[in-house]
Amino acid sequence: MEVIIRDSAEEVSVLGAKIVARLVRRKPRCVLGLATGRTPLRLYLELIRLYAAGELDFSGVETFNLDEYVGLPPGHPQSYHFYMRENFFRHVNIPARLTHIPDGCSADLRRHCLDYETAIKEAGGIDLQLLGIGSNGHIGFNEPTGSLNSRTWIKILSEKTLKDNAALFPTPEEQPRHVISMGIGTILEAGHCVVLACGAQKSSAVKAMIEGPVSSMCPASALQLHPRATVIADSAAAARLDHSEHYRWIEQHKLDWQKYE
Ligand code: F6R
């Protein structure tokens, strides 16, 4: 795993955006795997800024989002369709037909999950998958003890995740218990996985993901098996790591072509 530690969440986001922008410039018809949640909001703003400044063109880019709540229609303010439209898609020039988000209202959810996997394959696979991490170590909505080889499917949210995200919903009754999420196996097939982690509430999960054993108790630890996984953490999220000096040393000694900035 490549571990990059920055002082602030702002620096984490800007670096994450640089990595995405670099891919879009090098491969204009790339396939991006996108995440929602609080963490990538600033990264999306930075990508929008680059687009508005004429420094980035998304016209050939195809996207696949990690997940969506079961039962929330695309117009629902807490749906990830709504999130993506408001926070990213409507501000850039990705053709709408090339944006994919699981449909949590599909009449046949199981068929839809299988079709989502097929669509990713038909697009040529995901070049770069953007990820956040839950305080319990989930990526996508793959909760602890789920299979580390899982595929896109209907998943049940843990009580911990429901609690972490409760404030985003007006009442507990309105918070869905089920989601469609890419599986860990799906995520591991992306060419490059980039995890952003910010804030002290993520520090235990970050420690387990990077320095713990590969275990379904921390689904993000499966990224240790990925040939190209990059974790960008702010100092609060990295606070529990035992080997921060080692990660800084490695970063300082990168060859020019290995550097992102
Ligand atoms: C979002 C997703 C989740 C979030 C994670 C962290 O699409 O798949 O894994 O990345 O729950 O959420 P935030 O960023 O809100 O702390």
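Everything below is about the structure shown above.
Here's a quick rundown of the structure. (Residues numbered from 1 in each chain as written. Predicted model: local features only at pLDDT ≥ 70, side-chain atom pairs only at ≥ 80, totals over all residues. Heavy atoms only, no water.)

**So, the packing of aromatic side chains**
Phase 1 of the analysis: Under the counting rule described, the total for this entry stands at 11 aromatic pairs.
Phase 2 of the analysis: Ring centres 6.4 Å apart and planes at 55° place the aromatic pair tyrosine 51 and phenylalanine 58 in the tilted group.
Phase 3 of the analysis: Taking relative accessible area as the criterion, tyrosine 51 reaches 27% and is therefore assigned partly exposed.
Phase 4 of the analysis: On the basis of an interplanar angle of 40° and a centroid distance of 5.9 Å, the ring pair of phenylalanine 88 and phenylalanine 89 is categorised as tilted. The same class applies to phenylalanine 88 and to phenylalanine 89, which are both buried.
Phase 5 of the analysis: Taken together, Tyr44, Tyr51, Phe58, Tyr69, Tyr80, Tyr83, Phe88, Phe89, Phe141 and Phe169 form an aromatic cluster joined through their ring pairs. (Phe/Tyr/Trp six-rings, centres within 6.5 Å; stacked < 30°, edge-to-face > 60°. Buried < 20%, exposed > 50% of the residue type's maximum accessible area, 1.4 Å probe, protein only.)

**Quick look at the sheet that holds strand S2 (residues 31-34)**
Phase 1 of the analysis: Across the sheet, which stays open at both edges, the 7 strands sit in the order S1-S10-S9-S6-S2-S3-S5 with parallel pairing between neighbours. At either margin of the open sheet sits one strand with a lone partner, and together these are strand S1 (2-6) and strand S5 (99-100).
Phase 2 of the analysis: Here strand S9 (residues 192-197) runs beside strand S10 (residues 229-234); their pairing, made up of 5 bridges, is parallel. The residue bridging leucine 196 from the neighbouring strand is isoleucine 232, located in S10.
Phase 3 of the analysis: On the sheet, helix H1 (residues 9-26) packs against S1, S2, strand S6 (128-131), S9 and S10 and is oriented at approximately 150° with respect to S10. (Pairing = 2+ DSSP bridges. Helix = DSSP H or I, 4+ residues; strand = E, 2+ residues; numbered from the N terminus. Contact = heavy atoms within 4.5 Å. Axes fitted to C-alpha atoms, helices over the stretch in contact; angles between N-to-C directions.)

**Regarding the nonpolar core**
Phase 1 of the analysis: Among the nonpolar cores identified, the biggest contains 42 residues, and Leu32, Tyr44, Leu47, Phe58 and Phe88 are the most heavily contacted of them.
Phase 2 of the analysis: Counting only elements with at least two residues in this core, the list comes to H1, S2, helix H2 (41-52), helix H3 (80-87), S6 and S9.
Phase 3 of the analysis: If one sorts the elements of this core by residue count, H1 sits on top with 8 residues.
Phase 4 of the analysis: Counting residues in each nonpolar core, the second largest holds 34 residues, with Ile187, Cys193, Val195 and Val206 among its members. (Core = buried A, V, L, I, M, F, W, Y, C linked by side-chain atoms within 4.5 Å.)

**Quick look at the site of the ligand**
Phase 1 of the analysis: Neighbouring residues of the ligand: 13 residues in total, closest Thr39, Asp67, His138, Gly140 and Lys202.
Phase 2 of the analysis: Threonine 39 is positioned such that a nitrogen or oxygen atom in its side chain is 2.4 Å from an oxygen atom of the ligand.
Phase 3 of the analysis: Separating an oxygen atom of the ligand from a side-chain N or O atom of histidine 138 is a distance of 2.6 Å.
Phase 4 of the analysis: For the ligand, whose unbound accessible area comes to 410 Å², protein coverage reaches 94%.
Phase 5 of the analysis: The residue makeup of the shell around the ligand, split by class, is 3 nonpolar, 7 polar and 3 charged. (Near = heavy atom within 4 Å. Polar contact = N/O pair within 3.5 Å; in protein donor to acceptor, adjacent residues only side chain to side chain. Areas by Shrake-Rupley, 256 points an atom, 1.4 Å probe, with all protein chains shown as cover. Nonpolar A, V, L, I, M, F, W, Y, C, P; charged D, E, K, R; others polar.)

No statement about biological role is implied by the geometric values presented.
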